[in-house]
Amino acid sequence: MADVQVGVVMGSSSDWDTMQHAVQILEQFGVAHEARVVSAHRMPDDMFAYAEAATARGLTAIIAGAGGAAHLPGMLAAKTPVPVLGVPVASKHLQGVDSLHSIVQMPKGVPVATFAIGAAGAANAALFAVAMLANGNPALRERLNAFRAAQTEAARGMTLPPTA
C-alpha cells in the first residue's frame, strides 16, 4: 500500500457513521488514507502525538470529525502545520450546530477549514483533500475532473416533478 496521504480522525467510534463518507470518497479516488479514533478529551496524549508526527509521516491533510464540543480539529491544527479539514458531526441535542460553531471559531493563527455538518461535509472534506493532492498529480486531476463532469451531467439529467 502507498504511504498514507490523508488521515481521517474522529473523536469516537460513534462518529464513523458520518466520517465513513470521507473514507468512501478517498477510496473512490485511490487516495491512500487511514481512519482512527483520536479523542481530544479521552486520549489527548495520543492526539498530540498524532498531530506532531503528521508532517514526518507525509500526511497532506487531516480530515477531523468531531461532535459536541468539537475540540479535535482545532487541537490538531494547533499542533501541526498539516492542513486540518474540520467536519462537524451531528450531536443528539443540537444537531451539529454546536460542533459547527466550535470548529468555525478558531482563533487567529489556528486555521481549520470547516465543512458542512454531517455526511455532506465529510464527503466534501475528502473532495477538498483530493483537490489538494491533484495539484501535483495530473492523473488524479483527470479523475477529479471526470468526477465533477459526471456530477454536472447527472444534474442536467434530473427530472423534476410537473408543476401545477
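Below or above, wherever it landed, is the structure these notes cover. (Residues numbered from 1 in each chain as written. Predicted model: local features only at pLDDT ≥ 70, side-chain atom pairs only at ≥ 80, totals over all residues. Heavy atoms only, no water.)

Considerations on the overall build of the chain
(1) Moving on: Within the chain, the secondary structure is distributed over six helices and five strands.
(2) Moving on: Mapped from its N terminus to its C terminus, the chain presents α and β elements in the order β-α-β-α-β-α-β-α-β-α-α.
(3) Moving on: A compact globule built from 164 residues should have a C-alpha radius of gyration of about 15 Å, and the chain, at 17 Å, falls within 12% of that.
(4) Moving on: The principal-axis extents of the C-alpha atoms in the chain amount to approximately 55 × 40 × 30 Å.
(5) Moving on: For the chain, buried positions account for 43% of its 164 residues.
(6) Moving on: Within the structure as shown, the chain displays about 8700 Å² of accessible surface, and the carbon and sulfur contribution to it stands at 57%.
(7) Moving on: Computed over 10 positive and 11 negative side-chain charges, the inter-centroid distance for the chain is 6 Å. (Helix = DSSP H or I, 4+ residues; strand = E, 2+ residues; numbered from the N terminus. Rg over C-alpha atoms; globule rule 2.2 N^0.38 Å. Buried < 20%, exposed > 50% of the residue type's maximum accessible area, 1.4 Å probe, protein only. Areas by Shrake-Rupley, 256 points an atom, 1.4 Å probe, with all protein chains shown as cover. Lys, Arg positive; Asp, Glu negative; His and termini not counted. Charge placed at Lys NZ, Arg CZ, Asp CG, Glu CD.)

Comments concerning the pattern of salt bridges
When their charged atoms lie close together, side chains carrying opposite charge are able to pair.
(1) Moving on: Considering all chains together, one arrives at four salt bridges under this definition.
(2) Moving on: Across the pair Glu153 and Arg156 runs a salt bridge, and its minimum N-O distance is 2.6 Å. In this pair, Glu153 and Arg156 both sit in helix α6 (residues 138-156), three residues apart, roughly one turn of the helix.
(3) Moving on: Since its relative accessible area comes to 48%, Glu153 is described here as partly exposed. (Salt bridge = Lys/Arg side-chain N within 4 Å of Asp/Glu carboxyl O.)

Here we look at the sheet that holds strand β2 (residues 33-37)
(1) Moving on: A sheet is described by the order of its strands in space; here five strands give the open sequence β2-β1-β3-β4-β5, paired in parallel fashion. What marks the edges here is a single partner per strand, and that holds for β2 and β5 (113-114).
(2) Moving on: Across five bridges, strand β1 (residues 6-10) lies against strand β3 (residues 61-66) in parallel orientation. By the bridge assignment for β3, Val9 is matched with Ala64.
(3) Moving on: Sheet strands touched by helix α4 (residues 97-104): β3, β4 (84-88) and β5. Its angle to β4, the strand with the most contacts, is close to 160 degrees.
(4) Moving on: Helix-sheet contacts for helix α5 (residues 119-134) involve β1, β3 and β4, and the interaxial angle to β4 is about 165 degrees. (Pairing = 2+ DSSP bridges. Contact = heavy atoms within 4.5 Å. Axes fitted to C-alpha atoms, helices over the stretch in contact; angles between N-to-C directions.)

Some thoughts on the packing of helix α2 (residues 44-53) against helix α3 (residues 72-79)
When two helices pack together, their arrangement is captured by the angle between the axes and the distance separating the axes.
(1) Moving on: It is at 8 Å that the axes of α2 and α3 come closest, and there the two elements cross at 50 degrees. Taken together, the axis directions place α2 and α3 in an arrangement best described as oblique. Along this stretch, α2 crosses α3, giving a crossing that reads as right-handed. Contact with α2, carried on its side by Met47, Phe48, Tyr50, Ala51 and Glu52, involves Leu72, Met75, Leu76 and Lys79 of α3 and no other residues of that element.
(2) Moving on: A class-by-class count of the residues in the contact of α2 with α3 yields seven nonpolar, no polar and two charged. (Parallel < 35°, antiparallel > 145°, perpendicular 65-115°, else oblique. Left-handed = near helix turned anticlockwise from the far one by under 90°. Nonpolar A, V, L, I, M, F, W, Y, C, P; charged D, E, K, R; others polar.)

A word on the nonpolar core
(1) Moving on: In terms of nonpolar packing, the biggest core is built from 29 residues, with Val6, Val8, Met19, Leu26, Phe29, Val31 and Ile63 touching the most fellow members.
(2) Moving on: Among the elements of the structure, β1, α1 (16-28), β3, β4, α5 and α6 are those that each provide at least two residues to this core.
(3) Moving on: If one sorts the elements of this core by residue count, α5 sits on top with ten residues.
(4) Moving on: In contact with Ile63, not counting residues within four places along its chain, are Val6, Gly7, Val8, Val9, Met19, Ala22, Leu26, Leu85, Val87, Ala125, Ala126 and Ala129.
(5) Moving on: Within the second largest apolar cluster, 21 residues are counted, among which are Val9, Val38, Met47 and Ala70. (Core = buried A, V, L, I, M, F, W, Y, C linked by side-chain atoms within 4.5 Å.)

Looking at the pairing of β2
(1) Moving on: Pairing between β1 and β2: five bridges, direction parallel. Counted as the bridge partner of Val8 is Ala35 from β2.

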